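Listed below are the residues making up each chain.
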Amino acid sequence: MNRDAILAAASRFGIQPVEIHGVGRAFARPASVKIAARMSEIVNTHGEQTAGAFLIADCVCDENGVRTFSESDIETIMQWPVAIFKSALEEVQRVCGMGSDAIEDAGKNSPAPP
């Protein structure tokens, strides 16, 4: 298997259809290593809701694993109605294998920012 084939397969790994309340069907993939590694920093720097928006932006994708959102969409995601945000976050956490308290725990398991 060559580099391009491996990268393509990795980008499609774990993609699952999700149902977002008030929006409909979308797709989500497991969180990237980049976001998973930064979750504690994001929680401590920006708060739990913003960390949830980062997770949504990283994980919501099309059926081929291409991200729907980027980090430039975080503020827009933060403006969503609570029911849509909560539904999207719960679905993403399910796909990632995270418990509903994973974001809160990420903030507790790291040192406070200076």
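Described below are features of the structure shown in this document. (Residues numbered from 1 in each chain as written. Predicted model: local features only at pLDDT ≥ 70, side-chain atom pairs only at ≥ 80, totals over all residues. Heavy atoms only, no water.)

Looking only at helices and strands, the protein chain has six helices and three strands in total. Beginning at the N terminus, the succession of helices and strands in the protein chain can be written as α-β-β-α-α-β-α-α-α. In the protein chain, which comprises 114 residues, the proportion classed as buried is 34%. Counting contacts in the protein chain only where the partners sit at least 6 residues apart, residues at least 24 apart contribute 60% of the total. (Helix = DSSP H or I, 4+ residues; strand = E, 2+ residues; numbered from the N terminus. Buried < 20%, exposed > 50% of the residue type's maximum accessible area, 1.4 Å probe, protein only. Contact = heavy atoms within 4.5 Å.)

With that settled, the discussion passes to the sheet that holds strand β2 (residues 24-28). Strand order across the open sheet formed by three strands is β1-β2-β3, with antiparallel pairing between neighbours. Only two strands of the sheet have a single partner each, and these edge strands are β1 (16-20) and β3 (60-61). In this sheet, β2 lies alongside β1 in antiparallel orientation, the contact comprising five bridges. Counted as the bridge partner of Gln16 is Ala28 from β2. Here helix α5 (residues 82-96) sits on the sheet in contact with β1, β2 and β3, set at roughly 160° to β1. (Pairing = 2+ DSSP bridges. Axes fitted to C-alpha atoms, helices over the stretch in contact; angles between N-to-C directions.)

The turn linking β1 back onto β2 is made up of three residues, and Gly22 within it adopts a positive phi angle of 80°. In the sheet, β2 pairs with β3 via two bridges, with the strands oriented antiparallel. Within β3, the position partnered with Phe27 by the bridge is Cys61.

The next thing to look at is the packing of helix α2 (residues 33-46) against helix α3 (residues 48-59). The contact between α2 and α3 brings their axes to 7 Å, and the two run at 150°. Of the possible angle classes, the one that applies to α2 and α3 is roughly antiparallel. The way α2 lies across α3 gives a crossing that is right-handed. Taking contact as the criterion, the partners of Ile35, Arg38, Met39, Ile42, Val43 and His46 in α2 are, on α3, Glu48, Thr50, Ala51, Phe54, Leu55 and Asp58. Among the residues forming the contact of α2 with α3, the class breakdown is seven nonpolar, two polar and three charged. (Parallel < 35°, antiparallel > 145°, perpendicular 65-115°, else oblique. Left-handed = near helix turned anticlockwise from the far one by under 90°. Nonpolar A, V, L, I, M, F, W, Y, C, P; charged D, E, K, R; others polar.)

Attention shifts here to the pattern of salt bridges. Pairs can form between side chains of opposite charge whenever their charged atoms are close. Evaluated as defined, the whole model comprises four salt bridges. Note that Arg3 and Asp4 form a salt bridge whose closest N and O atoms lie 3.2 Å from each other. When its relative accessible area of 62% is taken as the criterion, Arg3 is described as exposed. Between Arg38 and Glu71 there is a salt bridge, with its nearest N and O atoms 3.2 Å apart. Residue Arg38 is found in helix α2, and its partner Glu71 is found in the loop between β3 and α4 (74-78); the two are separated by 33 residues along the sequence. Relative accessible area serves as the criterion here: at 22%, Arg38 is assigned to the partly exposed category. (Salt bridge = Lys/Arg side-chain N within 4 Å of Asp/Glu carboxyl O.)

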